[in-house]
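Structure assessment
Below, each chain spelled out in residue letters.
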Amino acid sequence: MKFLYILPLTLLFISKLRAQTIPKEELIFLTSEWQGERFPDGRPKIPDALIAQAREVNIDDVWTILEGEGYHCQFDGGWKMIHPDKPIVGRAVTAMFMPARPDVEQHIKERGAEKGFKGNTNSWPIQQLSKGDVYVADGFGKISEGTLIGSNLGNAIFARSGNGVIFNASARDLEGLEQIEGFNAFVRDWDPSYLKNVMLTGLNTPIRIGHAIVLPGDLVLSSKEGVVFIPAHLAEKVIRIAAFIIVKDQFGFEMLKSGRYTPGEIDNNWTDAIRNAFIEWQHKQTGKTPMTRQELDKMLEKRTW
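This report concerns the structure included in the present document. (Residues numbered from 1 in each chain as written. Predicted model: local features only at pLDDT ≥ 70, side-chain atom pairs only at ≥ 80, totals over all residues. Heavy atoms only, no water.)

Further remarks concern helix α4 (residues 59-68). Buried residues of α4: Ile-59, Asp-61, Val-62, Ile-65 and Leu-66, and no others. Considered in projection along α4, the buried side chains sweep an arc of 155° and stay on one side of the axis. Positive backbone phi, at 95°, marks Gly-70, one or two positions downstream of α4. (Buried < 20%, exposed > 50% of the residue type's maximum accessible area, 1.4 Å probe, protein only. Helix = DSSP H or I, 4+ residues; strand = E, 2+ residues; numbered from the N terminus. Arc of directions from axis to C-beta.)

See below:
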């Protein structure tokens, strides 16, 4: 997989503007908390099984867990989408776009050609996609003439990733995109114009999406409310806790309906009696592996959600 770093973002690379690519070591440094498998370019490779599990959790719970971990800038809302009821879940491939400037754009295209990139620069990130990836782009919120894709590129994206896109920009040909079964797009708006006066300035670099920061390899999770970007090194922990919260809430609802416990008891730190009741309740649920009391105590030990 090629790895293009067009305009350096750190002081280390400002002095090396002629460099064609960001070193793999730089991306590993930026995501150094991740200890798992990586793509050849250094991007964290969150396991497919975890991505599948992430489809079952609630974005509100994920946001709350991230807040408790000290990550306050991982969510952004205010989107228009093709299918509100179909979440986009996967690993982020990031792209940064800026207003075009002829001299800079010419240099970018020359570098891209040397690296084997073809066509307009908005198609270059598609060449980086693999199954389970999400094309996440900051198009500086441009609507008219800020359409990063239409149905042709939408089909190419889905063919490579089996997934959708998150654009802080617009897209065109909504009806054509709707016909791509399984594809979804979160954009700022839809517009019939063609992309114009926009250039790609970063590929698989840290980017800003509204109020959120996104790094390559982050776990993308969307819902009707918006999109949350989970740092790769926290993905397993966050999804595990979010999955537990769903089960915990199911137990709580049943206890409240039966009158066995009050809201104050369920919403606060659980007593030994409630913890034992939860373990007992879990054993009665079919198709689920119950937690041990030790596992439950550990889960609730440092609760911030």
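For the structure shown, the criterion picks out 14 salt bridges. The residue Arg-43 makes a salt bridge to Asp-133 at a minimum N-O spacing of 3.0 Å. In this pair, Arg-43 is assigned in the loop between α2 (24-30) and α3 (48-54) and Asp-133 in strand β4 (residues 133-138), connecting sequence segments 90 residues apart. We note that Arg-43, like Asp-133, is buried. A salt bridge links Asp-297 to Arg-293; the nearest nitrogen and oxygen atoms lie 2.8 Å apart. Residue Asp-297 and its partner Arg-293 are both found in helix α11 (residues 293-301); the two are separated by 4 residues, about one turn of the helix. Overlapping salt bridges, with partners in common, bring together Asp-272, Arg-275, Arg-293 and Asp-297 in one network. (Salt bridge = Lys/Arg side-chain N within 4 Å of Asp/Glu carboxyl O.)

This part takes up empty space enclosed by the protein. Leftover empty space is mapped by rolling, across the atoms, a probe with the size of a water molecule. Applying the stated criterion across every chain yields a total of 1 cavity of 30 Å³ or more. Estimated volume of the largest cavity: approximately 40 Å³. As for the largest cavity, its lining consists of Trp-63, Leu-66, Glu-67, Tyr-71, His-72, Cys-73, Gln-74, Phe-75 and Val-228. Residue contributions to the lining of the largest cavity peak at 3 residues, all from α4. For the lining of the largest cavity, the per-class residue count stands at 6 nonpolar, 2 polar and 1 charged. (1 Å grid on protein atoms, 1.4 Å probe; cavity = no way out; pocket = protein on both sides within 12 Å on 5 of 7 lines; lining within 4 Å. Points joined across faces, edges and corners; volume = space filled by probe spheres on them. Nonpolar A, V, L, I, M, F, W, Y, C, P; charged D, E, K, R; others polar.)

Membership of the largest hydrophobic core comes to 40 residues, with the highest contact counts inside it found for Val-62, Leu-219, Phe-251 and Phe-278. No other element matches helix α8 (residues 232-258), which puts 12 residues into this core. Sequence-distant contacts of Val-62, that is, excluding residues within four places in its chain, are made with Val-57, Leu-221, Val-228, Ile-230, Val-238 and Ala-242. Among the nonpolar cores identified, the runner-up in size contains 28 residues, and Val-93, Phe-97, Val-165 and Ile-180 belong to it. (Core = buried A, V, L, I, M, F, W, Y, C linked by side-chain atoms within 4.5 Å. Contact = heavy atoms within 4.5 Å.)

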